[in-house]
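# Tertiary structure, described
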Amino acid sequence: MIYLDQAATSFPKLEEVKQAVVSALDVAGNANRSSNMDASRLIFEARRNVAKFFGLSDFHRVILNGGNTESLNTCIKGILKENDHVITTYAEHNSVLRPLYELEEKGIISLTVCSPYLEDIKNQIQDNTRMVIMTHSSNVTGEIFDVDLIGKYCHKLGILFMVDAAQSAGHIPVSMENIDVLCFSGHKGLLGIGGIGGFCLKDIELKPLISGGTGIDSFNLHMPEAYPEHLEAGTQNLVGIAALNAGIKYVLENQKAIMEKEYFLLQKLYEGLTGYVEFYSSLDNSTPIVAINIPGKDSAYVSDVLNYKYGIVTRCGAHCAPLMHKHLKTEERGIVRLSLSFQNALEEIDFVIRAIREISNDY
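Residues numbered from 1 in each chain as written. Predicted model: local features only at pLDDT ≥ 70, side-chain atom pairs only at ≥ 80, totals over all residues. Heavy atoms only, no water.

Moving on, we come to the side chain of Asn 293. In this structure, Asn 293 sits in strand S10 (residues 289–293). Of note is the side chain of Asn 293, whose polar atom sits 2.8 Å from the backbone oxygen of Gly 334. With near-sequence residues (within four places) excluded, Asn 293 lies in contact with Val 277, Glu 278, Tyr 280, Ser 299, Thr 330, Arg 333, Gly 334, Ile 335 and Val 336. (Helix = DSSP H or I, 4+ residues; strand = E, 2+ residues; numbered from the N terminus. Polar contact = N/O pair within 3.5 Å; in protein donor to acceptor, adjacent residues only side chain to side chain. Contact = heavy atoms within 4.5 Å.)

Strands sit in the order S2-S8-S7-S6-S5-S3-S4 across an open sheet of seven strands; the sheet is mixed. One side of each edge strand has no neighbouring strand; the edge strands of this open sheet are strand S2 (62–65) and strand S4 (109–114). For this sheet the average axis-to-axis angle between neighbouring strands, irrespective of direction, equals 15 degrees. Taken together, the three bridges between strand S6 (residues 160–164) and strand S7 (residues 181–185) define a ladder with parallel strand orientation. Note on S7: the bridge partner recorded for Met 162 is Val 181. With respect to the sheet, helix H3 (residues 68–79) is in contact with S2, strand S3 (84–89), strand S5 (129–135), S6, S7 and strand S8 (197–201), its orientation differing from that of S7 by roughly 160 degrees. Contacts between helix H4 (residues 94–105) and the sheet are confined to S3, S4, S5 and S6, with S4 contributing the most and set at about 140 degrees to the helix. (Pairing = 2+ DSSP bridges. Axes fitted to C-alpha atoms, helices over the stretch in contact; angles between N-to-C directions.)

What follows deals with the environment of Met 131. Secondary-structure assignment places Met 131 in strand S5. Sequence spacing of Met 131 and Leu 160 is 29 residues, and the spatial spacing of their C-alpha atoms is 4.5 Å. For Met 131, the contacting residues outside a window of four places in its chain are Ile 79, Leu 80, His 85, Val 86, Ile 87, Ile 159, Leu 160 and Met 162.

Counting through the fold element by element, Ser 341 comes out in the loop between strand S12 (336–339) and helix H10 (346–361). The residues contacting Ser 341, other than those within four sequence positions of it, are Gln 6, Glu 262 and Leu 265.

On to H4. Helix length check: H4 (twelve residues) gives 15 Å between terminal C-alpha atoms against 16 Å at 1.5 Å per residue, within 8%. In this structure, the buried side of H4 is in contact with H3, S3, S4, S5, S6 and helix H9 (322–328). Gly 107 lies just past H4 and shows a positive phi near 80 degrees. (Expected span 1.5 Å × (residues − 1).)

On to the nonpolar core. Judged by nonpolar contacts, the single largest core of 62 residues is most densely connected at Val 50, Phe 54, Phe 161, Leu 182, Phe 184, Leu 190 and Cys 200. The dominant element in this core, judged by the number of residues it contributes, is helix H7 (residues 238–273), at nine residues. Apart from the residues within four sequence positions on either side, Phe 161 is in contact with Val 132, Met 134, Val 147, Ile 150, Gly 151, Cys 154, His 155, Asn 178, Ile 179, Asp 180 and Val 181. In this structure, Val 290, Ile 294, Val 352 and Ile 353 belong to the second largest nonpolar core, which totals 25 residues. (Core = buried A, V, L, I, M, F, W, Y, C linked by side-chain atoms within 4.5 Å. Buried < 20%, exposed > 50% of the residue type's maximum accessible area, 1.4 Å probe, protein only.)

Here we come to the pairing of S4. When S3 meets S4, the two strands line up parallel, connected through six bridges. By the bridge assignment for S4, His 85 is matched with Ser 110. For the handedness criterion, the β-α-β arrangement of S3, H4 and S4 is classed as right-handed. (Right-handed = clockwise from strand over helix to strand, strands pointing away.)

Shown next as structure tokens:
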């Protein structure tokens with residue numbers, strides 16, 4: 001199998017991550033609920049490493065949970081209030097769009113959708129604009145958006161800026177300097193396993209999405225005010241957190257080499273496919289995603305042939321990003337997404353190029 005669906009989840013898992021998972025199974029106790037402190041120490045270390053990775057000064061404001069979708073729902077529903085106006089973009093994943101549509105349908109917020117570029121966002125700002133929410137990098141095309149520039153502009157106007165870093169974290173540097181809320185996935189570029197993610201939050205009050213036990217302040221009728229417990233109810237995913245911690249440590253130590261290898265492979269893929277496919281992404285300003293179609297062929301057909309004939313795993317269809325496909329005019333046809341990582345080999349990329357050329361010539 002040649003795996004080019006790294007944007008969905010990283011594979012294969014690093015030995016460091018596998019070992020961290022096995023070791024976590026030998027850790028006794030439940031964090032904040034046991035006299036044994038091993039579980040708490042592991043989570044503490046992971047929280048510190050996440051804060052370091054994203055440049056967040058207060059590691060208590062790193063919230064660990066079940067994944068990026070949970071993070072986005074928690075932050076969108078926990079920050080926004082009645083009569084708030086929100087700006088988002090056509091590049092968003094449904095994990096951003098659907099919570100916003102839900103609040104809009106309930107009459108809690110008003111919503112504007114525009115392009116993911118500063119000039120368009122500027123034109124959509126209203127007197128009651130509370131927040132701009134956008135992705136750092138498209139999960140369909142890989143395009144990287146200038147969140148630093150947009151964040152600076154939002155802060156000049158006192159508007160909160162929230163970023164979905166599911167596709168960028170681990171592949172390119174991500175800084176909280178001009179971001180108020182940053183949501184991330186732990187199993188993609190950060191190399192952990194499924195079921196783990198979280199968000200980083202500056203000094204903003206956020207209403208919990210889930211209430212329950214925290215191991216502290218048990219007689220309080222409400223969730224504790226202290227962070228991170230204020231937003232972390234229930235037993236935590238210790239194995240997932242251990243995997244995230246191992247993955248993020250690896251990226252911290254190897255970010256430059258990861259970026260160089262991924263760009264090299266991306267460049268080879270573009271060079272080899274030019275003239276055989278339609279591109280919806282570009283080599284410059286992109287995470288390691290190549291969005292393509294073969295002229296005259298449906299994306300599902302191409303993806304199926306790549307899988308069953310050549311053993312190449314890709315993703316086709318709409319990628320849970322309907323507005324991006326409307327923008328690209330690929331609602332009916334979909335797109336074949338080739339997403340790679342530093343773990344892919346040049347020989348694999350060469351084989352993928354030959355396979356796609358054969359399919360392209362197969363009329």
